[in-house]
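Architecture and fold: a report
Listed below are the residues making up each chain.
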Amino acid sequence: MSKQPRDNDFTIKIANVNGTGSASANTLLMKAFFRMGIPVAGKNYFPSNIQGLPTWYEIRASRDGYICRSGRVDVLVAMNAETYRKDLHDVAPGGYLIYDSTWPRAKQLARDDITILGVPLARLCNERFTRARERVLMKNIAYVGVLAALLDLDLAVVRALLQDSFAAKPQLLESNQAAFDLGYHYARENFSCPLPFRATAMNATGGHIMIDGNSTAALGALFAGATVVGWYPITPSTSVIDTFKRHAERLRKDPDTGRTNVAIIQAEDELAAIGMVLGASWNGARAFTSTSGPGISLMSEFLGYGYFTEIPAVLVNVQRCGPSTGMPTRTQQADIMACAYASHGDTRHVLLFPANPEEAFYLTAQAFDLAERLQTPVIVLTDLDIGMNDWMCRDLQWDPAYQPDRGKVMSREQLEKIEKFHRYLDVDQDGIPWRSLPGVHAKGAYFTRGSGHNMYGAYTEDAKEYQAVVDRLRRKWETARQYVPTPVVEQSDRHRVGIISVGSCDGAVREARARLAEAGVGANYLRVKAFPFSRQVQDFLDAHDRIYVVEQNRDAQLRSLLLLETRVDPEKLVAVLHYDGLPIVAASIVDGINQDMARGQAA
């Protein structure tokens, strides 16, 4: 059961209309909490059209550092008349609803168990501002002022944020400060301020930043040395490339020519995009693309080609709701199986699973080293929640001494010394052959083919020669277990119950474990960071009698992958699933585990 709000422990939800300019106001509010030292997270629920449909922004302040979605609403700002009835229903008992009382609400649109506060936002802004668009925009800043009064925000922090945003535009600074003051003073004069819970200064955000995962994935690719992008725009991954381009233009300038030393090519479709990436990688560049589920479907043919011809490539898959077009602006983890076995035939792909934007930075960078070391496509699976929402993360760090791991690439000197180069010969018995790059030496030339080939790179339809190649690829897959990131394991010998999860479920799982512990239920935890599964995953499965697999899809895809790729008893694995398109909450995990335990006791 959710706790009542307390200082620095509440959730605010703002209901608005897409295209009304509320994003900057909502971000201003979230950043105010962050600068006051309060752990905070922002979740944006927006439609897939350009403007006109409902949008919601949710801010959770958590003194305990929980930055997943809370699953409750303590304060709701209802700015959209069309969704008012639904928004009214969403407020937790004892909570507060703020609405624009310029237009009165019918008496039936009320609840006895919450406090409803009317603020004539439109009237206040119409009286203060003259231009129509300005009146619309300033209503958003005015409700920030109302919330600042009700929650006792540090006004110096808000002023500093406004100064940071509009220092170069004094007129905008003046109008935004005026709108904020309208809301703030109205609330102070008409309501009891602050509320029974408030925002009080902490010191829990030092050494942290607010950032989204699409930005950090782009930075990871940039720092890893990516120079070629082949891509096709698709929600919610487009800003990965937008961010990469923006930073490349600043950081990859040739000092002599002024030219940007990257090639970013928008293809005609996703199939062409991954083809460009493979072509650039074959030529020795570090190349990548970003996409989402429908793009993975279209790229599958070339992914099989990359696997069989052993060409490095990196893909960032920002997962969204499917199947088909699904809900492009909602989150899910339903591409796990599609990515693990993308393409026809016996194909396995290396997958990396960041849990937050911080890990998206490091794992995307690591993906390039893995792709070249293993000579295969590597897919980084984030999701819309990680990719497009605002997260509090530790400062990103980078080793200035970093050197890319290019894997087994023969130099000119090495090629000169050997008698003959064979592209697919496993000289080291680890499944990974040596490769050469075009133009280095004539001895390194070979023909790359997606059709049957033998260990020497020659075309074949001979049964034994073909089987030798695919058996070696399986041996390389086993070698990959040594190189992929190991899972996060938090384990005590006292507990025989375990939780296995992946990606953005992590925050909700951690909060759920704390709630379960308060109720006397101890559970160990393993978070998968990569596929193939390393030895620690099998060890965790063997060590527990009951294991709850928490994931955000309908068909328990992580559980299915564990059943296919480990020796686990299927009876051990209990699926705890969340797949409505909104980020997972701790309560759903606690309920799922408690219900299963109750069934076990009844049996």
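Summarised in this report is the structure supplied together with it. It should be emphasised that the depicted structure is a prediction, and the values quoted were computed from it without experimental measurement. (Residues numbered from 1 in each chain as written. Predicted model: local features only at pLDDT ≥ 70, side-chain atom pairs only at ≥ 80, totals over all residues. Heavy atoms only, no water.)

Regarding its fold elements, the protein presents 19 helices and 20 strands. Expected size for 603 residues packed as a compact globule is a radius of gyration near 25 Å; at 27 Å, the protein falls within 12% of this value. Based on the C-alpha atoms only, the size of the protein along its principal axes is roughly 90 × 70 × 40 Å. For the protein, the proportion of its 603 residues judged to be buried stands at 56%. Once local pairs closer than 6 in sequence are excluded, the contacts in the protein between residues at least 24 apart make up 75%. Carbon and sulfur atoms make up 50% of the accessible area of the protein, which amounts to about 25600 Å² in all. Within the protein, one finds 66 positive and 68 negative side-chain charges whose respective centroids are separated by 2 Å. (Helix = DSSP H or I, 4+ residues; strand = E, 2+ residues; numbered from the N terminus. Rg over C-alpha atoms; globule rule 2.2 N^0.38 Å. Buried < 20%, exposed > 50% of the residue type's maximum accessible area, 1.4 Å probe, protein only. Contact = heavy atoms within 4.5 Å. Areas by Shrake-Rupley, 256 points an atom, 1.4 Å probe, with all protein chains shown as cover. Lys, Arg positive; Asp, Glu negative; His and termini not counted. Charge placed at Lys NZ, Arg CZ, Asp CG, Glu CD.)

A few words now on the packing of aromatic side chains. Under the definition given, this model contains 20 aromatic pairs. Between Phe 244 and Phe 288 the ring centres are 5.2 Å apart and the planes differ by 70°, which places this aromatic pair in the edge-to-face class. Separated by 44 residues along the polypeptide, Phe 244 in helix α8 (residues 238–251) and Phe 288 in strand β10 (residues 287–291) bring together distant segments of the chain. Comparing Phe 244 with Phe 288 shows no difference in burial state: the two are buried. (Phe/Tyr/Trp six-rings, centres within 6.5 Å; stacked < 30°, edge-to-face > 60°.)

Take the sheet that holds strand β16 (residues 497–502) next. Read from one edge to the other, the open sheet built from 5 strands follows the order β15-β17-β16-β19-β20, with strand pairing classed as mixed. Of all the strands in the sheet, just β15 (488–490) and β20 (573–577) have a single pairing partner and so form its edges. For this sheet the average axis-to-axis angle between neighbouring strands, irrespective of direction, equals 20°. When β15 meets strand β17 (residues 524–528), the two strands line up antiparallel, connected through 3 bridges. Residue Val 488 lies in a different strand from β17, and its bridge partner there is Arg 527. (Pairing = 2+ DSSP bridges. Axes fitted to C-alpha atoms, helices over the stretch in contact; angles between N-to-C directions.)

The next subject is the packing of helix α1 (residues 22–35) against helix α5 (residues 155–166). Orientation of α1 relative to α5, taken along the N-to-C sense of each, is 125°, at an axis distance of 9 Å. Considering the angle they form, α1 stands oblique to α5. Regarding α1 and α5, the two cross each other, and that crossing is right-handed. Contacts from Leu 28, Lys 31, Ala 32 and Arg 35 of α1 reach α5 at Val 157, Val 158, Ala 160, Leu 161, Leu 162 and Asp 164. (Parallel < 35°, antiparallel > 145°, perpendicular 65-115°, else oblique. Left-handed = near helix turned anticlockwise from the far one by under 90°.)

This paragraph deals with α8. Taking 1.5 Å per residue, 14 residues should reach 20 Å; α8 reaches 20 Å between its end C-alpha atoms and fits that length. Listed in full, the buried residues belonging to α8 are Val 240, Ile 241, Thr 243, Phe 244, His 247 and Ala 248. Buried residues of α8, seen end-on, are gathered within an arc of 160° and therefore sit on one face of the element. Elements in contact with the buried residues of α8: α7 (213–224), β8 (228–231), β9 (263–266), β10 and β11 (313–319). (Expected span 1.5 Å × (residues − 1). Arc of directions from axis to C-beta.)

So, about the sheet that holds strand β4 (residues 75–78). As summarised here, the arrangement of the 6 strands in space is β2-β3-β1-β4-β5-β6, forming an open sheet in which the pairing is mixed. Looking at strand neighbours, the two that pair on one side only are β2 (40–45) and β6 (115–119), the edges of this open sheet. Mean inter-strand twist for the sheet, computed between neighbouring axes without regard to direction, equals 15°. When β2 meets strand β3 (residues 54–62), the two strands line up antiparallel, connected through 6 bridges. Within β3, the residue paired with Gly 42 across the bridge is Ile 59.

A word on the pattern of salt bridges. Under the defined criterion, the tally for this structure stands at 41 salt bridges. For Lys 245, the salt bridge goes to Glu 249, with nearest N and O atoms at 2.7 Å. Taken together, the residues Lys 245 and Glu 249, both in helix α8 and 4 residues apart, mark about one turn of the helix. The salt bridge involving Lys 529 is made with Glu 359; its shortest N-O contact spans 3.8 Å. One end of the pair, Lys 529, is in the loop between β17 and β18 (530–531); the other, Glu 359, is in helix α12 (residues 357–374), with 170 residues separating them in the sequence. The same class applies to Lys 529 and to Glu 359, which are both buried. (Salt bridge = Lys/Arg side-chain N within 4 Å of Asp/Glu carboxyl O.)

What follows is about the side chain of His 247. Within the secondary structure, His 247 is located in helix α8. With a relative accessible area of 17%, His 247 lands in the buried category. Excluding residues that lie within four positions of it along the chain, His 247 makes contacts with Leu 219, Leu 222 and Arg 252.

This paragraph deals with the nonpolar core. With 70 residues, the main nonpolar core has Phe 244, Phe 288, Ile 500, Leu 558 and Leu 562 as its most contacted residues. Sorting elements by how many residues they give to this core places α12 first, with 7 residues. Here Leu 558 is in contact with Ile 336, Ile 500, Ser 501, Val 502, Val 528, Phe 533, Val 549 and Glu 551, once residues within four sequence places are set aside. The next biggest cluster of nonpolar side chains, apart from the first, holds 57 residues, and it includes Ile 98, Ile 141, Ala 149 and Phe 197. (Core = buried A, V, L, I, M, F, W, Y, C linked by side-chain atoms within 4.5 Å.)

These figures come from the coordinates and say nothing about function on their own.
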